[in-house]
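These are the residues of each chain, in order.
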Amino acid sequence: MMLQIREFLNKSEVAQMRQMLATADWSDGRATVGPQGALVKQNRQLPTDSPLSRQLGEFILQKLYQHPQFLSAALPYRTVPPLFNSYSGGEHYGLHVDGAIRILPGSTLSLRTDVSSTLFLTEPEDYDGGELQVMDTFGAHEVKLPAGDLIVYPSSSLHQVKPVTRGERVCSFFWTQSMVKDDQQRTMLFELDRNIQTLRQQLGDSPEVLSLTGHYHNLLRQWSYL
Ligand code: NI
């Protein structure tokens, strides 16, 4: 499932974040990838241990874990501290798949990457190129969203960031281990949840709505593991 979460950050939150990032010391983005990624990745990132990256990342995580749409779609168990990247002057990230396992920085804990998220921090008209292209069984999907919008997609998909040929593209990105590993199962739970919410608004807590809610939780109990 690919899901666009509109206005995850409002414009003033984006502006404040961009202002803080404007003076950041970016470093080579190849620091956080394996050998396949390193061959096709050409961009800059904030070092994972930089205080600014931590501060902004914590702000994003706070919002993320209070966001009903993200919670329903990703069913998050654990999320890595968000990273920040910047592309300009033709920089790009060729076709790749994200590594399946990541070690949480500063710990011995690892996390399986099930759900990838990209948070756009630059308005689309401020740069050319830089589309995030995600492949699935229906073909290639190109994503270039307003600043503050978040795209959520399965980490199992091949994807790339096209060259940025004008301006600068700044984003945050992060991976989540879901309580439900399988994308199809997560998608079914998300759709069921959405329909139950709509029915509840239309009908209140009728016996049928309560029964469907029970089914939702029993499926989640079957499919999740903690
Ligand atoms: Ni990637």
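Worth saying up front: this structure is predicted, and the values here are computed from it rather than measured.

### Considering helix α6 (residues 207-223)
An α-helical turn contains 3.6 residues, so a residue and the one three or four places further along point in the same direction.
For step 1, the next point in the chain: Taking 1.5 Å per residue, 17 residues should reach 24 Å; α6 reaches 24 Å between its end C-alpha atoms and fits that length.
For step 2, the next point in the chain: Where α6 is concerned, the buried positions are V209, T213, Y216 and L220. End-on view of α6: buried residues confined to an arc of 55°, all on one side of the axis. For α6, the exposed residues set more than 90 degrees away from the buried face come down to P207, E208, R221 and Q222.
For step 3, the next point in the chain: Tucked inside the fold, the buried residues of α6 contact α5 (183-203).

### Looking at the nonpolar core
For step 1, the next point in the chain: Counting 33 residues, the largest nonpolar core has F8, L21, F84, L121 and L150 as its most contacted members.
For step 2, the next point in the chain: Secondary structure elements with two or more residues in this core: β1 (3-5), α1 (11-21), α3 (51-64), α4 (68-74), β6 (83-88), β10 (115-120), β14 (150-154) and β17 (168-178).
For step 3, the next point in the chain: Not counting the four nearest positions on each side in its chain, L121 is found in contact with L9, V14, M17, R18, L21, F84, A147, V170, C171 and S172.

### With respect to the coordination of the nickel ion
For step 1, the next point in the chain: Around the nickel ion, the protein contributes the donor atoms H96 (NE2), D98 (OD) and H159 (NE2), which lie 2.1 Å from the metal centre.
For step 2, the next point in the chain: Coordination of the nickel ion draws on donor residues from a single chain, spaced H-x1-D-x60-H in sequence.

### Some words on the environment of D126
For step 1, the next point in the chain: Topologically, D126 is positioned in the loop between β10 and β11 (128-129).
For step 2, the next point in the chain: Accessibility expressed as a relative area gives 42% for D126, which makes it partly exposed.
For step 3, the next point in the chain: Through-space distance from the C-alpha of D126 to that of A74 is 30 Å; in sequence the pair is 52 residues apart.
For step 4, the next point in the chain: Apart from the residues within four sequence positions on either side, D126 is in contact with R166, G167 and E168.

### Regarding the packing of aromatic side chains
When we look at a pair of aromatic rings, we describe it by the centre distance and by the angle of the planes.
For step 1, the next point in the chain: According to the stated counting rule, one finds one aromatic pair in the structure shown.
For step 2, the next point in the chain: With centroids separated by 5.6 Å and ring planes inclined at 90°, the aromatic side chains of F173 and W175 adopt a geometry described as edge-to-face. Assigned by exposure class, F173 and W175 land together as buried.
For step 3, the next point in the chain: When the ring centre of Y127 is taken as reference, the NZ or CZ atom of K144 above it lies at 4.3 Å.

### Side note on α5
For step 1, the next point in the chain: Taking 1.5 Å of rise per residue, the 21 residues of α5 would be expected to cover 30 Å, and the 30 Å separating its terminal C-alpha atoms lies within 8% of that figure.
For step 2, the next point in the chain: Of the residues making up α5, those classed as buried are R186, T187, L189, F190, D193 and I196.
For step 3, the next point in the chain: Looking at the buried positions of α5, the neighbouring elements they touch are β1, α4, β10, β17 and α6.
For step 4, the next point in the chain: Directly after α5, the chain includes G204, whose backbone phi takes a positive value near 70°.

### As for the sheet that holds strand β15 (residues 159-161)
Sheets are built from strands paired through backbone hydrogen bonds, the pairs being either parallel or antiparallel.
For step 1, the next point in the chain: With respect to topology, five strands assemble into an open sheet ordered β3-β7-β15-β12-β13, the strand pairing being antiparallel. Sheet topology places β3 (41-42) and β13 (139-143) at the edges, where each strand pairs with a single neighbour.
For step 2, the next point in the chain: With three bridges connecting them, strand β12 (residues 132-136) and β15 associate as antiparallel partners. The partner of V134 across the bridge, within β15, is H159.

### Notes on the domain arrangement of the protein chain
For step 1, the next point in the chain: Segmenting the protein chain into domains produces domain 1 (3-178) and domain 2 (183-223).
For step 2, the next point in the chain: At the junction of the two partners, domain 1 supplies ten residues and domain 2 supplies seven residues.
For step 3, the next point in the chain: Summed over both sides, the interface between domain 1 and domain 2 buries roughly 650 Å², with carbon and sulfur atoms accounting for 63% of that surface.
For step 4, the next point in the chain: Considering only the side of domain 1, the residues that lose the most area to domain 2 are S72, A73 and L75, jointly responsible for 60% of the buried surface there.
For step 5, the next point in the chain: Scanning the region where domain 1 abuts domain 2 turns up zero salt bridges.
For step 6, the next point in the chain: Joining domain 1 to domain 2, the criterion identifies one residue pair in polar contact (both at pLDDT 80 or more).
For step 7, the next point in the chain: Partitioned by chemical class, the residues of the side of domain 1 that touches domain 2 number six nonpolar, three polar and one charged.

### Structural notes on the side chain of R112
For step 1, the next point in the chain: Tracing the chain through its elements places R112 in strand β9 (residues 110-112).
For step 2, the next point in the chain: Among the polar contacts listed, one links the side chain of R112 to the side chain of D114, at a separation of 2.8 Å.
For step 3, the next point in the chain: A distance of 2.5 Å separates a polar atom in the side chain of R112 from a polar atom in the side chain of Y225.
For step 4, the next point in the chain: Contact partners of R112, with chain neighbours within four places excluded, come to A100, I101, T176, Q177, S178, K181 and Y225.

Conventions and cut-offs
- Starting afresh in each chain, residues are numbered from 1 along the sequence in its written order.
- Residues qualify for local features only when their pLDDT is at least 70, as the model is predicted, and side-chain atom pairs are given and counted only at 80 or more; totals for whole chains, interfaces and linings, by contrast, use all residues.
- Note that the side-chain values use all heavy atoms of the structure and ignore hydrogens as well as water.
- The helix and strand labels rest on DSSP assignments: H or I over at least four residues marks a helix, E over at least two residues marks a strand, and numbering proceeds from the N terminus.
- A helix is expected to span 1.5 Å for every residue after the first.
- Working definition: with a 1.4 Å probe on protein chains only, accessible area under 20% of the residue-type maximum means buried, over 50% means exposed, and in between means partly exposed.
- It is the directions from the helix axis to the C-beta atoms that the arc portrays.
- Contacts are assigned to residue pairs with any non-hydrogen atoms lying within 4.5 Å of each other.
- Grouping buried Ala, Val, Leu, Ile, Met, Phe, Trp, Tyr and Cys residues that are joined through side-chain atoms within 4.5 Å yields what is termed a nonpolar core.
- Coordination partners: N, O, S within 2.8 Å of the metal, 3.2 Å for Na, K and Ca; water not considered, so apparent gaps in a site are possible.
- Whether two aromatic rings pair depends on their centres lying within 6.5 Å, for rings of Phe, Tyr and Trp, where Trp uses its six-membered ring; planes under 30 degrees apart make the pair stacked, over 60 edge-to-face, and the rest tilted.
- We call a charge positioned over a ring when the NZ of a Lys or the CZ of an Arg lies within 6 Å of the ring centre and within 35 degrees of the ring normal.
- DSSP bridges decide pairing: two strands pair if at least two such bridges lie between them.
- Each domain span listed reflects an automatic or database assignment of domains.
- As a working definition, buried area equals the accessible area (1.4 Å probe) given up by two parts on being put together, with both sides summed.
- Counted as salt bridges are all cases of a side-chain nitrogen of Lys or Arg within 4 Å of a carboxyl oxygen of Asp or Glu.
- In protein, a polar contact means a hydrogen-donor-capable atom and an acceptor-capable atom, both N or O and within 3.5 Å, with residues adjacent in sequence counting only if both atoms are side-chain atoms; elsewhere, any N or O pair within 3.5 Å suffices.
- Each residue is assigned to one class: nonpolar for Ala, Val, Leu, Ile, Met, Phe, Trp, Tyr, Cys and Pro, charged for Asp, Glu, Lys and Arg, and polar for all the others, Gly among them.

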